[in-house]
Amino acid sequence: MKEYDIMVVGPVSLDHNIDYLGNERKEVGGAVVASGFAAAGSGAKTAIFCKSNAADADVKERFAGVNADLYWAASKATCSIRNQYFTADKEKRACTSMGVCDPFRFEELPQVKTKVYHFAGLVYGDFDGALLTEAAKHGKVGLDVQCMLRHVEPDKSMAFHDWAEKKELLPLMDYFKTDAAEAEVLTGLTDRVEAAKMLHDWGAKEVVITHNTEVLAYDGEKVYTCPIKARNLSGRTGRGDTTFAGYIAERQRGSVEEALNFCTALVSLKMETPGPFKGTREDVLAYMKEFY
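Summary of the structure given here. What you see is a predicted model, and the numbers here were worked out from it, not measured in a lab.

**Observations concerning the environment of alanine 180**
And then number 1: Within the secondary structure, alanine 180 sits in helix H6 (residues 180–187).
And then number 2: For alanine 180, a relative accessible area of 22% puts it in the partly exposed group.
And then number 3: Put simply, alanine 180 and threonine 210 are 30 residues apart on the chain and 6.2 Å apart in space, counted from C-alpha to C-alpha.
And then number 4: Here alanine 180 is in contact with Arg192, Ile209, Thr210 and His211, once residues within four sequence places are set aside.

Right under this line is the structure:
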C-alpha cells in the first residue's frame, strides 16, 4: 500500500476572478490546488485527491509539474465560483456560486496510507462529520474551516455562518486553520490570541490563524506569531491554503514554531508571484535566510 505524509482533499473550482479594474480571468483553482502545490513544494510526500466533472476542467493539466500523486473522482457538477474583488489588495470581495461539487465520502478516497488528511474545501457541504470522523480513525486531520462557514445562499451569493457542529467536531482536529474574520464568526472574538485559545479549549489541538500581517499558531502551551514579509501581493489568491499546507508539511518534521516560521516564509514568497507555489523547499529556506 502506498504511503504519504499528506493527502490534500477537496474540489477543484472553475474560478472567474474579476479584479477591481474589471479585468476577468478564468482559471481552474480551489483550495486543493494551492494546498496541493504548497504541500508538495514543501518536501512532503503528497497525494492530491479532487473531484470535478471531467467535461468542465482538465485536472491533469492544472496539476502539471506538481511533485505529488494525483487522484481524481467524478462529480456531477464542478464547483465554480465568481470572485469580484473591490480593492487592489484583494482583501474585499463578493463571491457568487456558479456550481457546487458533490459531497466527499471517505470510501471514495484512494486506498492508501497517509499521516495527515488535509481537508481543503470551498463551501459548506463539501465535507461532513461522518467523513472527518472516519478520517480521524486512519490518520491525523487538518481542516481549513472556510468550507464549514461559507454557505451558498438561495440567490447563489455566498455568506459566512457559524459552524453548528464545531464543538462536536473540533476535538477531531489535529491541525485547524482559520483566518481572522472566520475566527470571529466562530468565537465572537476579534482578538486573535483569545480566539485561538477558545478554539483550543473546544478541542482543536493546534490552531493556525492567518491575518494579512502575520500568522499565529497555538498549541495549548504557547502562542507563536510570525510576520508576513511579502514584497508584493500579486499572488495574494491562495494565501491561507498555502500557509496551512506549508504548516502541516513542516510540522511532520519539526516543532510548532519551526512549522509556523517555515509556512509564513513560504506564503510570503508565494504571494510575490500569481498562481500556486511552484518552488522548492530549498527556495523557502533561502528566503528565510534572507528575510527572517
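**Points about the sheet that holds strand S14 (residues 214–218)**
As a general point, the strands of a sheet are linked pairwise by backbone hydrogen bonds and lie either parallel or antiparallel.
And then number 1: Overall, mixed pairing links the nine strands, which are arranged S5-S4-S1-S8-S9-S12-S13-S14-S15 in an open sheet. Edge strands, defined here as strands with exactly one partner in the open sheet, are strand S5 (69–74) and strand S15 (223–227). Going across the sheet, the axis of each strand differs from the next one's by a mean of 20°, ignoring polarity.
And then number 2: The pairing of strand S8 (residues 113–119) with strand S9 (residues 140–144) spans four bridges and is classified as parallel. The residue bridging phenylalanine 119 from the neighbouring strand is leucine 143, located in S9.

**Focus: the sheet that holds strand S6 (residues 79–85)**
And then number 1: The four strands lie next to each other as S3-S2-S6-S7, forming an open sheet whose pairing is mixed. Every other strand in the sheet has two partners, leaving strand S3 (24–29) and strand S7 (93–99) as the edge strands with one partner each. In this sheet, adjacent strand axes meet at a mean angle of 20° when their direction is disregarded.

**Considering the pattern of salt bridges**
And then number 1: Applying the stated criterion across every chain yields a total of 15 salt bridges.
And then number 2: Linking arginine 281 and glutamate 250 is a salt bridge whose minimum nitrogen-to-oxygen distance equals 2.6 Å. Of the two residues, arginine 281 sits in helix H10 (residues 281–291) while glutamate 250 sits in helix H8 (residues 239–251), which places them 31 residues apart along the sequence. With respect to class, arginine 281 is no different from glutamate 250; both count as buried.
And then number 3: Salt bridges sharing common partners tie together Lys51, Arg105, Glu107 and Glu108.

**Focus: the packing of aromatic side chains**
And then number 1: By the definition in use, this model includes ten aromatic pairs.
And then number 2: For the pair tyrosine 4 and tyrosine 71, a centre-to-centre distance of 6.3 Å together with 90° between the ring planes defines the contact as edge-to-face. One end of the pair, tyrosine 4, is in strand S1 (residues 3–11); the other, tyrosine 71, is in strand S5, with 67 residues separating them in the sequence.
And then number 3: Residue classification places tyrosine 4 among the buried residues on the basis of a relative accessible area of 4%.
And then number 4: Measuring from centroid to centroid gives 6.2 Å for tyrosine 175 and tyrosine 247, while their planes differ by 75°, and the two rings are edge-to-face. Of this pair, tyrosine 175 sits in strand S12 (residues 175–179) while tyrosine 247 sits in helix H8, and the two are 72 residues apart along the sequence.
And then number 5: Residue class for tyrosine 175 comes out buried when judged on its relative accessible area of 3%.
And then number 6: A connected cluster of aromatic rings, assembled from ring pairs, spans Phe49, Phe104, Phe106, Tyr117, Phe119 and Phe127.
And then number 7: Directly above the ring of phenylalanine 104 sits lysine 51, whose terminal nitrogen or CZ lies 4.9 Å from the centroid.
And then number 8: One residue, lysine 229, lies across the ring of tyrosine 292, its end atom 4.6 Å from the ring centre.

**Describing unusual backbone geometry**
And then number 1: A positive phi angle, near 75°, is found at lysine 156, a position not held by glycine.
And then number 2: With respect to the secondary-structure elements, lysine 156 resides in the loop between strand S10 (150–152) and strand S11 (158–160).

**Points about the packing of H8 against helix H9 (residues 256–270)**
And then number 1: Where H8 meets H9, the closest approach of the two axes is 8 Å, and the angle between their N-to-C directions is 145°. For the pair H8 and H9, the crossing hand works out as right-handed. Where H8 abuts H9, its residues Arg239, Thr242, Thr243, Gly246, Tyr247, Glu250 and Arg251 lie against Val256, Glu258, Ala259, Leu260, Phe262, Cys263, Leu266, Val267 and Lys270.
And then number 2: When the residues that make up the contact of H8 with H9 are grouped by side-chain class, the tally is eight nonpolar, three polar and five charged.

**Re H8**
And then number 1: For H8, spanning 13 residues, the distance from its first C-alpha to its last is 18 Å, which sits close to the expected 18 Å at 1.5 Å a residue.
And then number 2: Burial of H8 is extensive: twelve of the 13 residues sit out of reach of the surface.
And then number 3: Those residues of H8 not exposed but buried are Arg239, Gly240, Asp241, Thr242, Thr243, Phe244, Ala245, Gly246, Tyr247, Ile248, Ala249 and Glu250.

**Remarks on the nonpolar core**
And then number 1: Counting 92 residues, the largest nonpolar core has Phe63, Phe119, Phe127, Leu143, Trp163, Met173 and Phe176 as its most contacted members.
And then number 2: If you tally residues by element for this core, the top one is H9, at nine residues.
And then number 3: Phenylalanine 176 has contacts with Leu143, Val145, Trp163, Leu170, Leu186, Leu199, Ala204, Glu206, Val207, Val208 and Phe244, leaving out every residue within four places of it along the chain.

Criteria and thresholds
- Residues numbered from 1 in each chain as written.
- Predicted model: local features only at pLDDT ≥ 70, side-chain atom pairs only at ≥ 80, totals over all residues.
- Heavy atoms only, no water.
- Helix = DSSP H or I, 4+ residues; strand = E, 2+ residues; numbered from the N terminus.
- Buried < 20%, exposed > 50% of the residue type's maximum accessible area, 1.4 Å probe, protein only.
- Contact = heavy atoms within 4.5 Å.
- Pairing = 2+ DSSP bridges.
- Axes fitted to C-alpha atoms, helices over the stretch in contact; angles between N-to-C directions.
- Salt bridge = Lys/Arg side-chain N within 4 Å of Asp/Glu carboxyl O.
- Phe/Tyr/Trp six-rings, centres within 6.5 Å; stacked < 30°, edge-to-face > 60°.
- Lys NZ or Arg CZ within 6 Å of the ring centre and 35° of its normal.
- Left-handed = near helix turned anticlockwise from the far one by under 90°.
- Nonpolar A, V, L, I, M, F, W, Y, C, P; charged D, E, K, R; others polar.
- Expected span 1.5 Å × (residues − 1).
- Core = buried A, V, L, I, M, F, W, Y, C linked by side-chain atoms within 4.5 Å.

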